[in-house]
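Overview (structure and organization)
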Amino acid sequence: MARSVRIICAGGLALGMTAAMAQQASDDVVARVEITGSSIKRIAKEGSLPVQTLSRADIEQSGVQNVADLVAQLPSMQGFITSSASVNGGGGGVQTASIHAIGTQYTLVLLNGRRMAPYGTGSAVNLASIPLSAVERVEILTDGASTLYGSDAIAGVINFILKKNQTDLVVEGTYNSPQEKGGKSSNFSISKGWGNLDSDGFNVQVSYAHDEQKELNASDRDFAKSGVHKFSHKGKQYATWQTSINSTPANVEVVTADDDVVLNHDLLTKNGCTQANTFSRSGACRFDYAATVQLLPELKRDSVFANGTLKLGKDTTAYSELVLSKFTNTARYAPAAQPLTVFSTDPVSGVKTVNNAYMGAYNSSIVPLLASQGVNAADVTDALLYYRGADAGGRTDEYRTDAVHFVVGVDSNISGWDVGASYTHSQNKQTDKALAGYMSANKFEELIRTGKYNPFVSTTGAAALLADAVLHQDLDVTKSKIDVISAKASREVFDLPGGAAALGLGADFTKQTYTDTPAAIAMGPNPGNPGWTDVEIGGGTGSQALDASRKNWGAFAELLMPVAKTLETTAAVRYDSYDAVEKNNVSYDPSGKAAPSGKLGEDVAKATYKLSARWTPVQSLLVRGSYGTGFKAPTLNNIADPLKNAGSSNAFPCPVKSPDPRAVYCRPGSSEYGLLDTGNPNTGDKALKAETSKQATLGFRVEPTTSLSVGLDWWDVKLKNQIRTYSQDQLYGVPALANQYIAVYADPIQKSNVLVAIRQPLNLASSHFQGLDWDTTFRTATPIGKASVNWTGTYMLKAEQETPGVGTEKSIGRFDSYDDVVFRVVSRLIFTLKTSDKLSNSLTVNYRSGYHDKPLTADDAAVRVVNADGTIGGVVAMEDHDVSSYTTLDWQTKLNYVKNLTITAGIRNLLDRDPPFSIRNSGGGNQVGYDGRYADPLGRTFYITAQYRF
């Protein structure tokens, strides 16, 4: 913390900046506009709530080409989903925003002040659906629980304002090329407008954009090309050990009453591991999965934006806007890692279960090797194979999002009231398509049963043999849709000593629908149940359809009161009401029992409020503050999700101990166990309750001269009844939780009983977030041109969660049990020199403070000592490793030497800084050696942009 404070003070400024952008006060009469965070039209100046504004010039200066990268650069953003998380990290092809690390689900993203369809059933939006080329400016309200937009915006609001009233034809293109191999990207956009609203009474604008990014593979970067990475720590040599027992050919575990032996056919017959990315260790062939993954997936986006405005009279204007977007995220990661069972003997019942599909290959390939390992084949009670589907290729998902956003509305002035009404229809369809690597278990087993493929031995031409089993189809299709009718009005209502008081009123009605349709590969493990899909090698199983909907409405009132010339206050209240979830289809649990349908959960409703004040005792000083409450209803998924397989856990020691009867299903050492997810459809006392929040801000801005503007905003957010599931660390590491949530599950993939953790959303936690946002700008004239410095940042004071039975977790500068990190300091410093109207240059310094790495015990088996001869030794604990701070420099120059032509060129990561080394990436995907959620793997990247206006 002390070092972070020194960094902040190094610029010669006190730690006292603000999160609101500086806007020069003016005595001129300007048009009244609606400011993000308020329903009342007023003079455009800083108000009582902190709002950051990014102009089009700011967007172009950033050098990015998509909305997600723009948001990721803002110091106030932490905890969002990045594209790298789609590489087997649960990202599912989405990219999101999160203000102050409070969470994606608490950050409301708007398009021209209106909600967009979420990618799931909450309010979180896939930023990939928003075309950056159509954005005029971005306004970020960093004070949460907006009475105008919805009290569920607990962390704040990001409002993308699209271009309007344009008449020029504008063509723009960008090309980005990293210095090293991989990750190239490009963008092209064209827009044209017709008509001037003031002189012609109408304006129509249309724009199209296409952008894409090529994949970046782990093999293209030395810092991430292997899961075995040597490093120094406190003068000693160690190595990461991110490898897998699931290998090609399969490692086989044979169990007898007296012993447990792992063997590999290649090792015993060929004196080594022969397949790519495998190596010998402790009698097995380990697979280096990190060498096979992407660091960044391939991205493609096509978008069309059209809007129109028509004057219907002196005070009445009709408008409409349409956004169409197609976005694909093609993510490739390691071949399928699949534990399978040849035969097993249930330790409780003594019943032996045999998978006859594997017996022939087992008898011919493995049984002859058992004697050399001191195992009598007749004594084997269990035979398990740890299979890696490398012969079928790396698993590749094409995550596609097709989005439609349509708005029609009218604004007018009636009897002194500024009134408006609009209808919004917004929807997106998300498709997860298997392109490679996944296999149908039925077809896979048939190939083994007939002797065409043997998973226990290296096979020439195996890829061709498995081709018929590899899936090329949709794995899952979800559709999310909202329809919103809204109306609002504002006017001056009475006079006060400081001026006229203004009243704003509004209401909105929303219907939300959501469907989830897993692919029906074939009849599943329960033939009488059409809700189940076939088993997927490398994927999930037991997926069930969901069709759910809900209606809600809200109303608000806001009163702005200038009680004195230097003081204005605002009071706002909102009421929200959500119906119970309507579930329209029948789903089943693994036993075939029908799950509930009809109305699920409870109706929830609550009133919230916001009080704020703005004080300007002198012209050069603004002091402001606010206090309010928030409310967030459970989502449709929280309530209605059917029980479904959620894959494998991280590696843990067995969570239950003998004499607990579940302990007989423990695996040796640290092992991966299963995860099952389900919704919480309960009613009455067990029903999910709404989350509630309290938030406050207090800040100032001081402008002692026309050249300097300095400010600071302190903010504080407290959450209660937070809806979460217990983390893997908690479920597998806290005995009381393991006793309650660890179950025995008949896994249809492994065809044997296994231990799983059942995760269900509960009103689980209370959280507290607190921090400081600053923003300072200094401008001056120099002998060579106009110079300016802008410094923005966030300093986190608190980020902690209280969970009953677990205690308080603090996540600033360290991992929490959900494997997330909150950075103490994130800042951005921009130096700009404009030598003439034709030439300007800028240098940007991006900074993130360091943090304590994921603590790893010897049970994690994730770090090993390096022997003096360079060989890899035994497993060690490492609980004191730190990830260093991360500073990068970006340079940009802009030229306007040809009329109507602007050329922008730049270099991101000018010093070619590698991401800081981490011993374990625990939450962002399959990448190893760094954390893709927090650092850019591209390295030094050159870009050039050309824009021409006709």
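Heads up: these notes are all about the structure in this document. (Residues numbered from 1 in each chain as written. Predicted model: local features only at pLDDT ≥ 70, side-chain atom pairs only at ≥ 80, totals over all residues. Heavy atoms only, no water.)

Some points on unusual backbone geometry
Going by this rule: Each helix is a run of DSSP H or I of at least 4 residues and each strand a run of E of at least 2, with the numbering of both proceeding from the N terminus.
Residue Pro249 follows Thr248 across a cis peptide bond; omega there is -10 degrees. The residue Pro249 is located in the loop between strand S13 (236-240) and strand S14 (251-255) in this model. In this model, Asn112 sits at a positive phi of 55 degrees, which is unusual for a non-glycine residue. As for its placement among the helices and strands, Asn112 is situated in the loop between strand S4 (107-111) and strand S5 (114-115). The backbone of Ser415 sits at a positive phi, close to 55 degrees, despite the residue not being glycine. With respect to the secondary-structure elements, Ser415 resides in the loop between strand S24 (396-414) and strand S25 (417-436).

Some points on the sheet that holds strand S49 (residues 872-875)
Definition in use: In short, DSSP must find at least two bridges between two strands for them to pair. To obtain an axis, a line is fitted to C-alpha atoms, over the contacting stretch when the element is a helix, and the angle between two such axes runs from 0 to 180 degrees between their N-to-C directions.
With antiparallel pairing, the four strands of this open sheet are ordered in space as S12-S13-S48-S49. Looking at strand neighbours, the two that pair on one side only are strand S12 (230-233) and S49, the edges of this open sheet. Taking each pair of neighbouring strands and ignoring which way they run, the sheet shows an average axis angle of 40 degrees. By the bridge criterion, three bridges tie S13 to strand S48 (residues 863-866) in an arrangement that is antiparallel.

What to know about a positive patch on the surface
Put simply, the rule is: Patch rule: a residue counts if its relative accessible area is over 30% and it has no salt bridge; like charges are joined within 9 Å, and nonpolar side chains (Val, Leu, Ile, Met, Phe, Trp, Tyr) within 5 Å. Note on areas: Shrake-Rupley with a 1.4 Å probe; residue coverage comes only from the protein chains shown. Each salt bridge in this description consists of a side-chain nitrogen of Lys or Arg and a carboxyl oxygen of Asp or Glu lying within 4 Å of one another. Asp and Glu count as negative and Lys and Arg as positive, but His and the ends of the chain are not part of the count. Charge positions are represented by NZ for Lys, CZ for Arg, CG for Asp and CD for Glu. Burial status follows relative accessibility: with a 1.4 Å probe on protein chains alone, a residue under 20% of its type maximum counts as buried, one over 50% as exposed, and anything between as partly exposed.
Among the surface-exposed residues, Lys694, Lys718, Lys720, Lys798, Lys810 and Arg814 lie close enough to one another that they form a single positively charged patch. Relative to the helices and strands, Arg814 is located in the loop between strand S44 (807-810) and strand S45 (825-836). Judged by its relative accessible area of 38%, Arg814 is partly exposed.

Comments concerning the packing of aromatic side chains
How we decide: In this analysis, rings of Phe, Tyr and Trp, with Trp reduced to its six-membered ring, are considered paired at centre separations within 6.5 Å, and the interplanar angle assigns stacked below 30 degrees, edge-to-face beyond 60, and tilted for intermediate values. In this analysis the charged atom, NZ for Lys or CZ for Arg, is taken to sit over a ring once it is within 6 Å of the ring centre and within 35 degrees of the ring normal.
For the coordinates displayed, the defined rule picks out 20 aromatic pairs. With a centroid separation of 5.5 Å and 85 degrees between ring planes, the pair formed by Phe223 and Tyr930 is classed as edge-to-face. Note that Phe223 is positioned in the loop between strand S11 (216-217) and S12 and Tyr930 in the loop between strand S52 (901-908) and strand S53 (941-949), a separation of 707 residues in sequence. Side by side, Phe223 and Tyr930 carry an identical accessibility label, which is buried. Ring geometry for Tyr387 and Phe444: centres 5.2 Å apart, planes at 45 degrees, overall tilted. Residue Tyr387 is located in strand S23 (residues 382-388), and its partner Phe444 is located in helix H8 (residues 441-449); the two are separated by 57 residues in the primary sequence. No difference in accessibility class separates Tyr387 from Phe444, as the two residues are buried. Within the aromatic cluster, the residues linked to one another by ring pairs are Phe815, Phe823, Tyr851 and Tyr934. The positively charged end of Lys352 is found above the aromatic ring belonging to Phe343, 4.4 Å away from the centroid. The ring of Tyr818 carries the charged tip of Arg724 above its face, separated from the ring centre by 3.9 Å.

Overview of a nonpolar patch on the surface
On the surface, Phe188, Ile190, Trp194, Phe202, Val204, Val206, Tyr208, Val304, Leu310, Leu312, Leu324 and Val410 cluster together into a nonpolar patch covering about 930 Å² of accessible area. Of all the elements in the fold, those that place two or more residues in the nonpolar patch are strand S9 (185-194), strand S10 (202-213) and strand S19 (298-311). With four residues, the single largest contributor to the nonpolar patch is S10. Take Phe202: it is sitting in strand S10.

Let's talk about empty space enclosed by the protein
To keep things clear, this is the line we draw: Lining residues are those with an atom within 4 Å of a point, where the points come from a 1 Å grid over the protein atoms alone and group into cavities, where a 1.4 Å probe fits but cannot get out, or pockets, open sets with protein on both sides within 12 Å along at least five of seven lines. Grid points are joined across faces, edges and corners, and a volume is the space filled by probe spheres set on the points. Each residue gets one of three labels, nonpolar for Ala, Val, Leu, Ile, Met, Phe, Trp, Tyr, Cys and Pro, charged for Asp, Glu, Lys and Arg, and polar for the others, Gly among them.
In the structure shown here, the tally under the stated rule is seven cavities of 30 Å³ or more. In this structure, the largest cavity occupies an estimated 1000 Å³ of space. Lining of the largest cavity is provided by 47 residues; of these, Asp69, Ala72, Gln73, Ala935 and Asp936 occupy positions nearest its centre. When contributions to the lining of the largest cavity are tallied by element, the ones reaching two or more residues are helix H3 (67-72), S10, S19, S45, strand S46 (839-848) and strand S51 (886-898). A total of four residues in the lining of the largest cavity trace back to one element, the largest contributor, which is S51. Of the residues in the lining of the largest cavity, the class split is 15 nonpolar, 21 polar and 11 charged.

Quick notes on the pattern of salt bridges
All told, the structure shown has 29 salt bridges when counted by the stated rule. Asp220 is the salt-bridge partner of Lys181, the closest N and O atoms lying 4.0 Å from each other. Note that Lys181 is positioned in the loop between strand S8 (169-178) and S9 and Asp220 in the loop between S11 and S12, a separation of 39 residues in sequence. Residues participating in the shared-partner salt-bridge network are Arg56, Glu60 and Lys894.

Some remarks on the state of the cysteines
Note the cut-off: Sulfur atoms of two cysteines make up a disulfide when they are within 2.5 Å.
Tallying each qualifying case throughout the model produces two disulfides. Between Cys654 and Cys666 runs a disulfide, and the two sulfur atoms are separated by 1.8 Å. Taking the torsion about the sulfur-sulfur bond, which here is approximately -60 degrees, the covalent link between Cys654 and Cys666 counts as left-handed. Taken as a pair, Cys654 in the loop between strand S36 (644-652) and strand S37 (671-677) and Cys666 in the loop between S36 and S37 lie far apart in primary sequence, 12 residues in all. Using a relative accessible area of 21% as the deciding quantity, one classes Cys666 as partly exposed. Taken in N- to C-terminal order, the disulfide-linked cysteines of the chain are connected 1-2, 3-4.

Notes on the side chain of Asp641
Counted only if it meets this: Counting of polar contacts relies on pairs of N or O atoms within 3.5 Å, with two restrictions inside protein: one atom must be capable of donating a hydrogen and the other of accepting it, and residues adjacent in sequence are counted only when both atoms are side-chain atoms.
As for its placement among the helices and strands, Asp641 is situated in the loop between helix H10 (636-640) and S36. Judged by relative accessible area, which is 15%, Asp641 ranks as buried. Of note is the side chain of Asp641, whose polar atom sits 2.9 Å from the side chain of Asn637.

Quick word on the nonpolar core
Put simply, the test is: What makes a nonpolar core is a set of buried Ala, Val, Leu, Ile, Met, Phe, Trp, Tyr and Cys residues whose side-chain atoms join them at distances within 4.5 Å. We call two residues contacting when some pair of their heavy atoms lies within 4.5 Å.
Among the nonpolar cores identified, the biggest contains 41 residues, and Met77, Leu127, Ile130, Val138 and Phe160 are the most heavily contacted of them. Residue assignment for this core shows that the elements contributing at least two residues are H3, S4, strand S6 (135-141), strand S7 (156-162), strand S39 (708-724) and strand S43 (785-803). Take this core: its biggest share by element is four residues, from H3. Residues within four places of Phe160 in sequence aside, it is in contact with Val67, Val71, Val109, Leu110, Leu111, Asn112, Leu127, Ile130, Val135, Arg137 and Val138. Counting 37 residues, the second largest nonpolar core, distinct from the first, contains Met359, Ala392, Ala469 and Val470.

Details of a negative patch on the surface
A contiguous patch of negative charge, built from Asp258, Asp259, Asp260 and Asp379, is present on the exposed surface. Secondary-structure assignment places Asp258 in the loop between S14 and strand S15 (260-263).

Here we look at the side chain of Ser207
Assignment of secondary structure puts Ser207 in strand S10. Contacts of Ser207, omitting those with residues within four sequence positions, involve Ala134, Ile190, Ser191, Ser303, Val304 and Phe305.

Description of the sheet that holds S6
The strand order across the open sheet built from five strands is S3-S6-S7-S4-S5, with neighbouring strands paired in mixed fashion. The two strands at the open ends of the sheet, each matched to only one other strand, are strand S3 (51-54) and S5. Sheet topology note: the S3/S6 ladder contains four bridges and is antiparallel. Across the sheet, residue Val51 finds its bridge partner in S6, namely Leu141.

Let's talk about the packing of helix H6 (residues 356-365) against H8
To be explicit about the condition: For a crossing to be left-handed, the near helix must be turned anticlockwise from the far one by less than a right angle; the clockwise case is right-handed.
Close contact between H6 and H8 brings their axes to 8 Å; oriented N to C, the two are set at 35 degrees. Crossing hand, H6 versus H8: left-handed. Taken together, the residues of H8 that come into contact with H6 (itself represented by Ala357, Tyr358 and Ala361) are Phe444, Glu445, Ile448 and Arg449. In terms of residue class, the contact of H6 with H8 is built from five nonpolar, no polar and two charged.

Things to note about H8
Just so we agree on the cut-off: Starting at the helix axis, one direction is taken to each C-beta atom, and the arc is that of these directions.
Residues of H8 that are buried include every one of Ala441, Phe444, Glu445, Leu447 and Ile448, and no others. End-on, the buried residues of H8 take up no more than an arc of 155 degrees, which puts them together on one face. Lining the buried residues of H8 we find strand S21 (337-345), H6, S23, strand S26 (439-440), helix H9 (462-466) and strand S29 (536-537). One or two steps after H8, the chain reaches Gly451, where phi turns positive at roughly 80 degrees.

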